[in-house]
Amino acid sequence: RLFKATLTAKAVRVPLLKDGPTEFWTYNGSLPGPLIDVMEGDTVEITLHNQLSQPTSIHWHGLPVPPSQDGNPQQAIAPGQKITYRFTLPEGSAGTYWYHPHPHEFTAEQASRGLAGGFIVRAKQDPLAGVPERLLILSDLKLDHMGQIAPNNSDDWMNGREGQFVLTNAQNKPTVHFDAGGRERWRIWNANSARYLRLQLPGSQLALIGTDGGLLEHPITGLTEHVLAPGQRIELIVDAGKRRDQGKLIAAVYARGKMGDVAPDKPLDILTVDFSRVATGQVVSLPARLATIKDLGRPVAQKRVVFSEKMTMTNGQHGMQFLVNGKEYDMHRIDLTSRVDEVELWEIVNQSDMDHPFHLHGTQFQVQSREMDGVVKTESYLAWHDTINLKSGETVRIKTVQHWPGIRMFHCHILEHEAVGMMGQLEVV
Ligand code: C2O
Ligand code: CU
Ligand code: CU
């Protein structure tokens, strides 16, 4: 099957909150961008038409697409131009992805102005077919006193930008009505530039069934919360059980080591879940096996990536540099080299005082272990990730493999950090 679409990046004014229209940058005037919902095996052909005042590109976050089709910073198109991306989704790629711009230096600004959309790849055989699905694309919004998208201040550039609102599918604190059948499958995107989402639904336990790149082998049940770092996605099963009340999905306070003199974080209501229409609450048990994940196997090469920060002083102004292996991003420099189809062990080290979500383009990887204060914890289950959080002082070891020659980005997914240079380039040969 061929899926064809055009995404026109353009500014539109949307009366989103009560105080009159806000100018957003959108794909096709839609907030979030149009959902792309396709099947494994499909070929996708999407034309981007740039009607912005800046260069732009579309990056297919998490998807296995060749580097030439992945919207790298080198491949941004000028205002007025068009580009067509074409790729085929392989077997086994079913999962919850997204797309957003990736032009040099403008990714953070364009994403926080509204340019981002969901991308779902469905399996031909889905073990959860028939469970009603809810899509929750969560995105942060920072407005100024005129109700317009505020520019970044120096705290935003240092800690990453957080706004007054966390929207759900571009709505502020909506109420969703839970399915009468008593069970739903939730796909949740953290499309925020920088805000971590420590998600809780007090009164209900959650079952984690999927990560960035698709279903887990087995559900992990009985969870009271899950921390979703910027860029990450999860799939959950939510059961009403005996509830017939109004629940609240909240983002509890998550300490990520913000620097400077910033206001303390407060918990935030994301949305209300109305369970009153649940009729049965008699749910059948979840399938014990959701998917088969093949261990990537023995790595044949190693890489080390170190995140760090450095205080700077220019003209009496304090600033912060965010570094990957001691350097800021340079689009003309190759930082690491890998070979096609070789499994590698990457050791990612966070020497910074702040959490940073590590993201690698073009592939899904597996976490092998996490190390904190000299204690190594082997990951207890297999899962596919493209973005993984590193706490301050933490080391995460991942197994990863690239399938096409070309240039891939790896970076911090706090988008302001990416914009100021917390990014490197991998050349696959
Ligand atoms: Cu979601 Cu390099 O990005
Ligand atoms: Cu990406
Ligand atoms: Cu960062």
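Every value quoted in this text rests on a predicted model; they were computed, and no experiment measured them.

**Brief notes about the overall build of the protein chain**
In terms of regular secondary structure, the protein chain is built from three helices and 31 strands. Counting only C-alpha atoms and orienting by the principal axes, one finds that the protein chain spans roughly 65 × 55 × 50 Å. Sorting the 429 residues of the protein chain into buried and exposed places 42% on the buried side. Of the contacts made within the protein chain by residues no fewer than 6 positions apart, 76% connect residues no fewer than 24 positions apart.

**A closer look at the environment of G160**
Relative to the assigned elements, G160 resides in the loop between helix 2 (154–159) and strand 10 (165–168). When the C-alpha positions of G160 and L382 are compared, they lie 30 Å apart, and in sequence the two are 222 residues distant. Apart from the residues within four sequence positions on either side, G160 is in contact with S193, A194, I414, E416 and H417.

**What to know about the domain arrangement of the protein chain**
Partitioning the protein chain into domains gives domain 1 (2–122), domain 2 (133–274) and domain 3 (301–428). The C-alpha-based centres of domain 2 and domain 3 are spaced at 24 Å. Contact residues are listed per partner, giving 22 residues for domain 2 and 22 residues for domain 3. Of all the elements in the fold, those that place two or more residues in the side of domain 2 that touches domain 3 are helix 2 and strand 16 (214–223).

**Looking at the confidence of the model for the protein chain**
With 99% of its residues at a pLDDT of at least 70, the protein chain reaches an overall mean of 96. For this predicted complex, the interface confidence comes out at an ipTM of 0.99, alongside a pTM of 0.97.

**Some thoughts on the environment of D265**
As for its position among the elements, D265 is in the loop between strand 19 (246–252) and strand 20 (268–274). The partly exposed category is assigned to D265, around which 17 C-beta atoms lie within 10 Å.

**Structural notes on the sheet that holds strand 29 (residues 395–400)**
Spatially, six strands are ordered 22-21-24-29-26-27 in an open sheet, and the strand pairing comes out mixed. Pairing within the sheet leaves two strands with one partner each, and these edge strands are strand 22 (317–324) and strand 27 (375–378). Adjacent strand axes in the sheet meet at a mean angle of 20°, parallel and antiparallel pairs treated alike.

**Side note on the UniProt feature "domain: Plastocyanin-like" (unreviewed entry) in the protein chain**
Residues annotated by UniProt as "domain: Plastocyanin-like" (unreviewed entry) correspond here to residues 18–125, 157–243 and 310–428. Along residues 157–243 the backbone is 3% helical and 54% strand, and the end-to-end C-alpha distance reaches 43 Å. Taken as a whole, residues 310–428 contains 4% helix and 52% strand, while its terminal C-alpha atoms sit 29 Å from one another.

**Section: the sheet that holds strand 19**
Spatial ordering of the open sheet is given by 12-20-19-14-17, a layout of five strands whose pairing is mixed. Every interior strand has two partners, whereas the edge strands, strand 12 (175–177) and strand 17 (226–228), have only one. Strand-to-strand twist across the sheet, computed as the mean angle between neighbouring axes with direction ignored, equals 25°. In the sheet, strand 14 (residues 197–200) pairs with strand 17 via three bridges, with the strands oriented antiparallel. Note that in strand 17 the partner of R198 across the bridge is V227.

**Thoughts on the pairing of strand 20**
In terms of strand pairing, strand 12 meets strand 20 through three bridges, oriented parallel. Note that in strand 20 the partner of V176 across the bridge is V273. Alignment of strand 19 against strand 20, held across six bridges, turns out to be antiparallel. Within strand 20, the residue paired with G247 across the bridge is V273.

**Quick look at the pairing of strand 31 (residues 423–428)**
In terms of residue burial, strand 31 counts as a mostly covered element, since five of its six residues are buried. For strand 23 (residues 336–338) and strand 31, the ladder comprises three bridges, and the chain directions are parallel. Across the sheet, residue S338 finds its bridge partner in strand 31, namely V428. Relative to strand 31, strand 30 (residues 406–412) runs antiparallel, the two being bridged by six bridges. If you follow F410 over to strand 31, its bridge partner there is G424.

**Some thoughts on the environment of T337**
Within the secondary structure layout, T337 lies in strand 23. Placed 71 residues apart in sequence, T337 and R408 show a C-alpha to C-alpha distance of 9.9 Å.

**Quick look at unusual backbone geometry**
In this model, L31 is joined to P32 through a cis peptide bond whose omega is -15°. As for its placement among the helices and strands, P32 is situated in the loop between strand 2 (22–27) and strand 3 (33–39). For N325, which is not a glycine, the phi torsion comes out positive at approximately 50°. Examined against the element boundaries, N325 turns out to sit in the loop between strand 22 and strand 23. Note on N325: 14 C-beta atoms within 10 Å, which makes it partly exposed. The backbone of D341 shows a phi angle near 65°, a positive value even though the residue is not glycine. Following the sequence through the fold, D341 ends up in the loop between strand 23 and strand 24 (344–350). Residue classification places D341 among the exposed residues on the basis of 10 C-beta atoms within 10 Å.

**Looking at the nonpolar core**
Nonpolar side chains in soluble globular proteins tend to be buried together. Counting residues in hydrophobic clusters, the biggest one holds 90 residues, and the most contacted among them are L138, I188 and L236. Apart from the residues within four sequence positions on either side, I188 is in contact with L136, L138, L228, R233, I234 and L236.

Definitions and limits used
- Residues numbered from 1 in each chain as written.
- Chains lettered and ligands numbered in written order.
- Predicted model: local features only at pLDDT ≥ 70, side-chain atom pairs only at ≥ 80, totals over all residues.
- Helix = DSSP H or I, 4+ residues; strand = E, 2+ residues; numbered from the N terminus.
- Buried ≥ 20, exposed ≤ 12 C-beta atoms within 10 Å, placed from the backbone.
- Contact = placed C-beta atoms within 7 Å.
- Domains from an automatic or database assignment.
- pLDDT = per-residue confidence, 0-100.
- Pairing = 2+ DSSP bridges.
- Axes fitted to C-alpha atoms, helices over the stretch in contact; angles between N-to-C directions.
- UniProt positions renumbered as here; feature names shortened; annotations may be inferred.
- Core = buried A, V, L, I, M, F, W, Y, C linked by C-beta atoms within 7 Å.

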